[in-house]
Amino acid sequence: MNLAFIIGTAGSGKTELTASFTRWLELQGEDVLAVNLDPGAIIVPYPANVDVRDYITVEEVMERYGLGPNGGLVYACDMMIEIINKLAREIESFDPDLVVLDTPGQMELFAFRDIGVKIAEGLSDEPKGIIYLFDATYCRNPLNYVMNMFIASAIANRFLLPLIPILSKADLLSEAELEEIQRWSEDPALLQDAVGREVSEMDRVISQDMMEIINRLGMEFSPIPVSSKTYMGFTELYAELSRVFVEGERFTQ
Ligand SMILES: Nc1nc2c(ncn2[C@@H]2O[C@H](COP(=O)(O)OP(=O)(O)OP(=O)(O)O)[C@@H](O)[C@H]2O)c(=O)[nH]1
Ligand SMILES: [Mg+2]
């Protein structure tokens, strides 16, 4: 069994990707299980046979403790630790070859607090990886692209797991925009130039510092353009997952 956590900023397309990519993987003959780890999800457009909302929902937590939506999600995520063994047993009972896990909207909870790592460790001892979504609609702006690289580096270093970066909702970008982002990913100097053209001196200095830190951490990002609407990039994402987890073989033999 292998576990791939889908992580990205709010609205970056995690839930849609979980739905469409697991459906697509099934068509390739892979034995894949979709898991919902977002206690705040309202609509889950995939058969989530394992769903944290069977135990905890943000709505209940808000009501019971008189919290707003953000406080409710923080508290609900903290509470997940108490039921993590139950989720782990449920996942094991399906015994899939690949588990794709949809994570909460406010990824900072999952990314910048210990709770995300504890949940990942509590769920399974099997090999794990992260699919990190760069939201294409924001990545047209080079500074946002650098910010995303920074968040992705922070996540990779916190989880100490392999991280596959993808450019989600890539169908919303033109060919020229996709090519430009690809050039930025290949040449940091071009990215820095683009940032310099778009932003104030202060933002430029901050972005340069961030890029230096990213470099020092030894991180490199070439996000794979992916679309849950057109299935663009699914073959490449599948190849990368297979390379990371099973040496380029199929998950289900
Ligand atoms: N065009 C396009 N839209 C997409 C794609 N993926 C998601 N969307 C849209 O983007 C919005 C957010 O998608 P979700 O999958 O709910 O994003 P999420 O990251 O799960 O959102 P939260 O859980 O609320 O953080 C929805 O309106 C989706 O229809 C895509 O590949 N292409
Ligand atoms: Mg979602």
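Residues numbered from 1 in each chain as written. Chains lettered and ligands numbered in written order. Predicted model: local features only at pLDDT ≥ 70, side-chain atom pairs only at ≥ 80, totals over all residues.

1. A closer look at the site of ligand 1
The immediate surroundings of ligand 1 are formed by 17 residues, with Gly13, Lys14, Thr15, Glu16 and Gly105 found nearest. By residue number, the principal contributor to the shell around ligand 1 is helix 1 (residues 14–27), which donates 3 residues. Considered class by class, the residues forming the shell around ligand 1 number 2 nonpolar, 9 polar and 6 charged. Shared between two domains, the shell around ligand 1 takes at least three residues from each, and those domains are domain 1 (13–120) and domain 2 (127–246). (Near = placed C-beta within 6 Å. Helix = DSSP H or I, 4+ residues; strand = E, 2+ residues; numbered from the N terminus. Nonpolar A, V, L, I, M, F, W, Y, C, P; charged D, E, K, R; others polar. Domains from an automatic or database assignment.)

2. Things to note about the sheet that holds strand 3 (residues 50–51)
The 7 strands are arranged 3-2-4-1-5-6-7 in an open sheet whose pairing can be described as parallel. Single-partner strands in this sheet number two, and they are strand 3 and strand 7 (224–225). In the packing of helix 1 onto the sheet, the strands contacted are strand 1 (2–8), strand 2 (32–36), strand 4 (98–102), strand 5 (128–135) and strand 6 (163–168), and the crossing angle to strand 4 comes to about 160°. (Pairing = 2+ DSSP bridges. Contact = placed C-beta atoms within 7 Å. Axes fitted to C-alpha atoms, helices over the stretch in contact; angles between N-to-C directions.)

3. Some points on helix 11 (residues 234–246)
Between its terminal C-alpha atoms helix 11 stretches 17 Å, which fits the 18 Å expected from 13 residues at 1.5 Å a residue. For helix 11, the complete set of buried residues consists of Phe234, Leu237, Leu241 and Phe245. Here the buried residues of helix 11 occupy an arc of 65° about the axis, which is enough to place them on one side. With respect to the buried face of helix 11, the exposed residues turned more than 90 degrees away are Thr235 and Ala239. For helix 11, the secondary structure elements touched by its buried residues are strand 1, helix 1, strand 5, strand 6 and strand 7. Immediately downstream of helix 11, the backbone of Glu247 shows phi near 50°, a positive value. (Expected span 1.5 Å × (residues − 1). Buried ≥ 20, exposed ≤ 12 C-beta atoms within 10 Å, placed from the backbone. Arc of directions from axis to C-beta.)

4. Quick notes on the domain arrangement of the protein
Per the domain assignment, the segments making up the protein are domain 1 (13–120) and domain 2 (127–246). Between domain 1 and domain 2, the C-alpha centre-to-centre distance is 24 Å. Each partner contributes to the interface: domain 1 provides 13 residues, whereas domain 2 provides 14 residues. With 7 residues, helix 1 is the largest single contributor of residues to the side of domain 1 that touches domain 2. In terms of residue class, the side of domain 1 that touches domain 2 is built from 8 nonpolar, 3 polar and 2 charged.

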